[in-house]
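# Observations on chain architecture
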Amino acid sequence: MATPKEEARGLFRQGVQAVLDGWAVLQIAVENGFGGAHSQEKAEWMVGAAEQYFESNADLEPEEIEDFLAELMNNEFNTIIEDGSLAQVSQQLCLFFRQSQQGDIAVMHDAIIQLAQKKQETRRAVAKSQPAAESSSEEEEKEEEAMDCSAGSSMNGIQSNPSPLSGGTTEDGWMLVTRKKK
């Protein structure tokens with residue numbers, strides 16, 4: 001049977017894993033391959049690297065963890081985080097580390113369960129929204145194709161019947177840039 005200290009250390013690793021698994025910035029970087037072909041492996045490596053950083057440094061402050069994670073994300077995923085999530089993640093990691101040092105096993109276990117439940121809820125919400133997102137993007141592509149076909153004939157690269165949005169802005173404020181037809 002594991003000693004309370006070993007159990008707390010194992011829970012700290014699980015806590016680090018849960019926090020990083022729930023960190024949207026990291027998950028987006030992994031899902032989109034910002035770290036290259038081995039993005040998932042890099043995310044898994046980050047768990048051990050963060051755990052080791054805590055164990056190797058005494059009395060870490062959340063700002064130090066922010067700097068460490070920001071450097072890892074920049075170096076491994078070519079990502080600079082500016083959404084404020086670094087502060088939240090580092091505070092959560094520091095809290096887990098303090099709890100592991102104090103032997104608050106029950107509190108850590110409950111927090112890990114809550115993080116896992118949040119992650120599952122987020123995944124369900126994303127899964128429900130994906131079919132709608134895919135169909136709306138397909139509809140947008142069809143609309144764009146229809147606009148390309150109905151834009152009118154061109155003479156010397158000038159459209160005789162330009163689209164009302166061509167060169168202008170859309171309802172949501174984006175500028176529409178189209179390619180010249182030859």
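Residues numbered from 1 in each chain as written. Predicted model: local features only at pLDDT ≥ 70, side-chain atom pairs only at ≥ 80, totals over all residues. Heavy atoms only, no water.

## Details of the overall build of the protein
Along the protein, the regular secondary structure elements total 6 helices and 2 strands. Looking at the protein as a whole, 27% of its 182 residues qualify as buried. Contacts spanning at least 24 positions in sequence make up 61% of the contacts within the protein whose residues lie at least 6 apart. With an accessible surface of roughly 12,700 Å², the protein has 51% of that area assigned to carbon and sulfur atoms. (Helix = DSSP H or I, 4+ residues; strand = E, 2+ residues; numbered from the N terminus. Buried < 20%, exposed > 50% of the residue type's maximum accessible area, 1.4 Å probe, protein only. Contact = heavy atoms within 4.5 Å. Areas by Shrake-Rupley, 256 points an atom, 1.4 Å probe, with all protein chains shown as cover.)

## Some details on the side chain of Ser 90
In this structure, Ser 90 sits in helix H5 (residues 85-102). For Ser 90, a relative accessible area of 0% translates into the label buried. Those residues in contact with Ser 90, other than ones at most four positions away along the chain, are Pro 62, Ile 65 and Glu 66.

## Focus on the packing of helix H1 (residues 4-21) against helix H3 (residues 39-56)
The contact between H1 and H3 brings their axes to 9 Å, and the two run at 130 degrees. Relative to H3, the element H1 is oriented oblique. For H1 against H3, the interelement crossing comes out right-handed. When H1 is examined against H3, the residues Arg 9, Phe 12, Arg 13, Val 16, Gln 17 and Leu 20 are found in contact with a partner set consisting of Met 46, Val 47, Gly 48, Ala 50, Glu 51, Phe 54 and Glu 55. Grouping the amino acids of the contact of H1 with H3 by side-chain chemistry returns 7 nonpolar, 2 polar and 4 charged. (Axes fitted to C-alpha atoms, helices over the stretch in contact; angles between N-to-C directions. Parallel < 35°, antiparallel > 145°, perpendicular 65-115°, else oblique. Left-handed = near helix turned anticlockwise from the far one by under 90°. Nonpolar A, V, L, I, M, F, W, Y, C, P; charged D, E, K, R; others polar.)

## Structural notes on unusual backbone geometry
Here the phi dihedral of Asp 59 falls at roughly 50 degrees; this positive angle occurs in a residue that is not glycine. Topologically, Asp 59 is positioned in the loop between H3 and helix H4 (62-77). Residue classification places Asp 59 among the exposed positions, given a relative accessible area of 69%. The residue Asn 78 is not glycine, and still its phi comes out positive at about 50 degrees. Checked against the element boundaries, Asn 78 lands in the loop between H4 and H5.

## Points about the packing of aromatic side chains
One pass over the full model with this rule turns up 4 aromatic pairs. One aromatic cluster is present, formed by Phe 12, Phe 54 and Phe 97 through successive ring pairs. (Phe/Tyr/Trp six-rings, centres within 6.5 Å; stacked < 30°, edge-to-face > 60°.)

## Considering the environment of Leu 115
Relative to the helices and strands, Leu 115 resides in helix H6 (residues 105-150). Once the C-alpha coordinates of Leu 115 and Gln 17 are considered, the two residues, 98 residues apart in sequence, prove to be 9.9 Å apart. When near neighbours in sequence (up to four residues on either side) are disregarded, Leu 115 contacts Ala 18, Val 19 and Phe 96.

## A few points about the nonpolar core
Core analysis: the biggest nonpolar cluster contains 37 residues, and Trp 23, Leu 26, Met 46, Leu 69 and Met 73 have the highest contact counts within it. Going through the elements one at a time, H1, helix H2 (24-31), H3, H4, H5 and H6 are the ones with two or more residues in this core. Counting residues per element, this core draws most heavily on H1, at 7 residues. (Core = buried A, V, L, I, M, F, W, Y, C linked by side-chain atoms within 4.5 Å.)

## Digging into H3
Between the first and last C-alpha of H3 there are 25 Å, a value that for 18 residues agrees with the 26 Å anticipated at 1.5 Å per step. Inspection of H3 places Ser 39, Ala 43, Met 46, Val 47, Ala 49, Ala 50, Glu 51 and Phe 54 among the buried residues, and these make up the whole buried set. The secondary structure elements touched by the buried residues of H3 are H1, H2, H4 and H5. (Expected span 1.5 Å × (residues − 1).)

## As for the confidence of the model for the protein
When the pLDDT values of the protein are averaged, the result is 79; 69% of them are 70 or greater. Here strand E1 (residues 154-155) stands out as the least confident element of the protein, with mean pLDDT 41; H4 is the most confident, with 96. The model gives residues 146-166 a pLDDT under 50, and that stretch makes 20 contacts with residues more than four places away or in other chains. (pLDDT = per-residue confidence, 0-100.)

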